[in-house]
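# Results of the structural survey
Okay, here's what each chain looks like letter by letter:
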Amino acid sequence: MAEDGEYRVKGSSLTTKLAFVRERAGAEVEQNLRQELRSEGLFLILESDWYPYRLFDRLNVLVAEACFGGDLRRLTEVGRHSAHKVLGSTYGVYSGGASFESFLSKVAGLHDRFYSHGEMRHRLGADGRSCTIFLDGAPDYSDSDLYVACGFYAGAAERFGLEGVEHRFERRDGGARLLLSWSGEGAGTGGGA
């Protein structure tokens, strides 16, 4: 955790965005984004180090500009991409299990490994076809980050075989809520394909 109290994210949160850009738009566009980050004082990104949240948010906005004509809403595609990549490899252990709900329980414990402030928890809807992910306690929840997060959890739900996943976010009580719903019953029983 950042010792000075500044709100920070792990470098892996930055490198996954750059990898998306490389795959989607090419190495030259990725290098242009890296140059933009260098102009803001960020020369080297180590996946396990902490970096200012403001730079993370800036990178998300740059990704939207480079890949989606500035449309922040499309950053959900970055989140989905990340879910399918990391849950199929590095964090596959968290996508193993009986259900999407068990995944959410496991990943809640990881939140503080990626964000220096805040917490995550979830609640399944009584209808068995929805859930709310609560994000609280951080000094900022930017739109760009919330769109990426919606995409990530929607992508994770898809890995558990949930279909027709829809998502949105809302701000409430100084935090944010990610609202997911899907067609069919249950919270997914696949083990992360």
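In what follows, the structure referred to is the one given above.
Described below are features of the structure shown in this document. This structure is a prediction, so every number in the text was calculated from the model and none was measured.

## A few points about the packing of helix H1 (residues 11-25) against helix H3 (residues 53-68)
For the pair H1 and H3, interaxial distance at closest approach is 10 Å and the crossing angle is 10°. The orientation of H1 with respect to H3, classified from their angle, is roughly parallel. Residue-level contacts link Ser13, Leu14, Lys17, Leu18, Phe20, Val21, Arg24 and Ala25 of H1 to Leu55, Phe56, Leu59, Asn60, Val63, Cys67 and Phe68 of H3. A breakdown of the residues in the contact of H1 with H3 according to their chemical character gives 11 nonpolar, 2 polar and 2 charged.

## Quick look at the packing of helix H2 (residues 27-39) against H3
Where H2 meets H3, the axes come as close as 11 Å, and the angle between the chain directions of the two elements is 145°. Note that H2 runs across H3; the crossing there is right-handed. Residues Val29, Leu33, Glu36 and Leu37 of H2 lie in contact with H3, whose contacting residues are Leu55, Arg58, Leu59, Leu62, Val63 and Ala66. When grouped by side-chain class, the residues that make up the contact of H2 with H3 number 8 nonpolar, no polar and 2 charged.

Thresholds, definitions, all that
- Residues numbered from 1 in each chain as written.
- Predicted model: local features only at pLDDT ≥ 70, side-chain atom pairs only at ≥ 80, totals over all residues.
- Heavy atoms only, no water.
- Axes fitted to C-alpha atoms, helices over the stretch in contact; angles between N-to-C directions.
- Helix = DSSP H or I, 4+ residues; strand = E, 2+ residues; numbered from the N terminus.
- Parallel < 35°, antiparallel > 145°, perpendicular 65-115°, else oblique.
- Contact = heavy atoms within 4.5 Å.
- Nonpolar A, V, L, I, M, F, W, Y, C, P; charged D, E, K, R; others polar.
- Left-handed = near helix turned anticlockwise from the far one by under 90°.

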